[in-house]
Amino acid sequence: MNPALLIAAPLLAAFIAVIFKKIDKVVLGVVAVGNIAYSIVMAVLFTGATQIAIGGFAPPFGISLVLDSYSLIGILLVNVAFGLILLMGTKLVGRYGIVLAVSLAALNGIVLTGDLFNLFVFIEVAAISAYIMTTMNKQLKHTFNYLILGTLASGLLLFGIAVLYNMFGSLNIIDIASKLAISGVSAGAMVLPIVFIFAGLSVEAKLIPFGGWVRGVLKKSNSLVGPLLVTGYAAAILLVFGRLTSTIFIMSDGLKIALTVVAVATLVLAEFTAFSKKNLREVLLFSSIAQSGLVVALFLNGLTVAAILVLVNNVVSKLVLFALSAKIADDTGTDKISELKGVFTKYRVLGVGFTIAAMSLIGLPMFFGFVAKAQAVMSLFESGNLWLPAVILLVSVIEGIYIIRILTTLWNSGKEGQVPSKDAQKEYKLNGFVKVSIVALVIGVLIVAAGILPITNIKEFLSSDFLSFITRSMGGV
Amino acid sequence: MIQYLSIALMLVGIYGLLSQRNMIKLIVSLNIFEIGLNIFIVSIGFVKDGLAPILTSNHNSSALLYVDPLPQAMVLTAIVIGVGITALALALARKLYKTHGTYELDEMEGE
């Protein structure tokens, strides 16, 4: 099983779509389904972590892809999210089929690659496709700002990578990690590359203050671009972040606290901003900024399993929430919460899917989000950290308040606390909502199922294999 | 020495990005930043009195002193990506100019 196919197939599809413009949607659909199937097959047949050399050059001299349980989770997440978003927004693809195929290739590459410069290239390719995709929203000025900020950030990332290459003479992540262990480079010497790589990744990961582009680009996004940037892109970048923090980020306590403060500040500020917003999509995008902050904070404190669980919960629930909100906004012409009173009383299935995803996002028991957040808080307590769980619980309350406020408005067309009269019912008309409802409902069932089942299996799978791979490769590649 | 100069060039680019509001000037600043970065990366591979890393009939021993070819390959890729982004940014700027009649970001209305 060669994971390089996950990158090569979408790229080939993009080239075919350039030549045969008429069948670009078909090609894109085939490759999206194929990638999902292939990543599931790889997960089933997975026997152990391997490094796959590309082009016949043995790592660390050539580019290599890393296939372990960590990157498997990444490719499953990215490909399934991409497939579902494509399914829900097929009509919006239009002339953007080629760009979408390229972005799928780049996202798979970001998750799989084991080489730092290759990572930079994939991030750039993904970013360029993102710039082009956001022109769909007709907010060109914001797209331009995003482009400038994104390019500056990847420049900083490249600077950090160049400094690392100068220090270790290698670009292979695992090779650098083993050289770090042998050479005993001090944490002080690592500050420069870590800070630059952190800043470079933070723009795409949407951390405050680097995520200034998000609001302008995404507040009017349709049900294709918005969900893709909030789920697929965020997942890929955050997973890279986790990979780097657990291998080559050797941090002094001071630096770790400084970066954690950035992440926690993102979490708190974004949740408060989401609380104050009146539009559905704006609330959701500030909430995803907050979740990015939480995931980064967990990664920085070495809690890989908890971070992955929170990330998966965020991707799955935001996928439903953002896609449904954008769908409602596209069809009704507004996503102002106060103007959408009682929209779910007519579209109940849609409402149930939305509600389950929202409950999971807050982290209520019986839903997957509870498992994720409980794991995060418990492992923080175990590691002796007391202030971070307190912050997480506090912002969860804020999150709970604004999400439940949204849900009551969307379910109830009348005044609060009263049964609405028939006249108060506003008429809403949604086109082709069946497909969206089914996707939302299926994901909802999965969220509930994952919330009830015990997670010890996932936990063991994750920690044993992933960590053993790193320690084993420390001994020599 | 050249590394300090290239970092100074990067800082000039960042200063331009922070101080300008004209789209063309922003794109130029971005390019200055990228050129500084590229010179920095090439300078990493520099070896004093090193040869070009190509095996020829005159220099056919791996024991000779060569400069590091990897940063050069990296810069080549970075230049290509930079050109692509510049083209995309210029296309966006042109499109914005057509709708708003100005290259100044502050003078655009309605977005």
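Structure first, text after, so check above.
Residues numbered from 1 in each chain as written. Chains lettered and ligands numbered in written order. Predicted model: local features only at pLDDT ≥ 70, side-chain atom pairs only at ≥ 80, totals over all residues. Heavy atoms only, no water.

K.L.:
Explain the side chain of Thr266 of chain A here, please?
P.N.:
Residue and element names in this part refer to chain A. Positionally, Thr266 belongs in helix α11 (residues 253–276). A polar contact of 3.2 Å, which involves the side chain of Thr266, links it to the backbone nitrogen of Ile208. Setting aside its immediate chain neighbours within four residues, Thr266 contacts Lys206, Leu207, Ile208, Ile289, Ala290 and Gly293. (Helix = DSSP H or I, 4+ residues; strand = E, 2+ residues; numbered from the N terminus. Polar contact = N/O pair within 3.5 Å; in protein donor to acceptor, adjacent residues only side chain to side chain. Contact = heavy atoms within 4.5 Å.)

K.L.:
It is not clear to me how a positive patch on the surface should be interpreted in this structure. Could you clarify?
P.N.:
On the surface, Arg95 and Lys138 of chain A together with Arg94, Lys95 and Lys98 of chain B cluster together into a positively charged patch. With respect to the secondary-structure elements, Lys98 of chain B resides in helix α3 (residues 69–100). Residue Lys98 of chain B is classed as exposed on the basis of its relative accessible area of 66%. (Patch = residues over 30% accessible without salt bridge, like charges linked within 9 Å, V, L, I, M, F, W, Y side chains within 5 Å. Areas by Shrake-Rupley, 256 points an atom, 1.4 Å probe, with all protein chains shown as cover. Salt bridge = Lys/Arg side-chain N within 4 Å of Asp/Glu carboxyl O. Lys, Arg positive; Asp, Glu negative; His and termini not counted. Charge placed at Lys NZ, Arg CZ, Asp CG, Glu CD. Buried < 20%, exposed > 50% of the residue type's maximum accessible area, 1.4 Å probe, protein only.)

K.L.:
Honestly, the packing of helix α4 (residues 97–112) of chain A against helix α5 (residues 116–134) of chain A in this entry has me stumped. Any pointers?
P.N.:
Helix packing geometry: the angle between the two helix axes and the distance between the axes. Residues and elements named next belong to chain A. Following both chains from N to C, one finds α4 and α5 inclined at 150°, their axes separated by 8 Å at the closest point. With respect to α5, the axis of α4 lies roughly antiparallel. Relative to α5, the crossing made by α4 is left-handed. Contact residues: α4 offers Val99, Leu100, Val102, Ser103, Ala105, Ala106, Leu107, Gly109 and Ile110, while α5 offers Leu119, Phe122, Ile123, Val125, Ala126, Ser129, Ile132 and Met133. Of the residues that constitute the contact of α4 with α5, the class distribution is 14 nonpolar, three polar and no charged. (Axes fitted to C-alpha atoms, helices over the stretch in contact; angles between N-to-C directions. Parallel < 35°, antiparallel > 145°, perpendicular 65-115°, else oblique. Left-handed = near helix turned anticlockwise from the far one by under 90°. Nonpolar A, V, L, I, M, F, W, Y, C, P; charged D, E, K, R; others polar.)

K.L.:
Explain the pattern of salt bridges here, please?
P.N.:
One side chain can pair with another of opposite charge once the charged atoms of both are near each other. What the rule picks out here adds up to eight salt bridges over all chains. In this structure, the salt-bridge partner of Glu282 of chain A is Arg215 of chain A, at a minimum N-O distance of 2.8 Å. Of this pair, Glu282 of chain A sits in helix α12 (residues 280–300) while Arg215 of chain A sits in helix α9 (residues 213–218), and the two are 67 residues apart along the sequence. Given a relative accessible area of 35%, Arg215 of chain A falls into the partly exposed group. Across the salt bridge formed by Arg21 of chain B and Asp106 of chain B, the nearest N and O atoms sit 3.0 Å from each other.

K.L.:
Would you take a moment to explain the pairing of strand β2 (residues 64–67) of chain A for this structure?
P.N.:
The side chains of a regular strand alternate between both faces of the sheet. Residues and elements named next belong to chain A. With burial as the criterion, each face of β2 is covered, one bearing Ser64 and Val66 and the other bearing Leu65 and Leu67. Note that strand β1 (residues 50–53) and β2 share four bridges and pair antiparallel. Bridge pairing in β2 links Ala53 to Ser64. (Pairing = 2+ DSSP bridges.)

K.L.:
Mind showing me how you'd approach the side chain of Asn22 of chain B here?
P.N.:
All names here are of chain B. For Asn22, the position within the fold is in the loop between α1 (2–19) and α2 (23–44). Note on Asn22: relative accessible area 14%, which makes it buried. Contact partners of Asn22, with chain neighbours within four places excluded, come to Tyr103 and Glu104.

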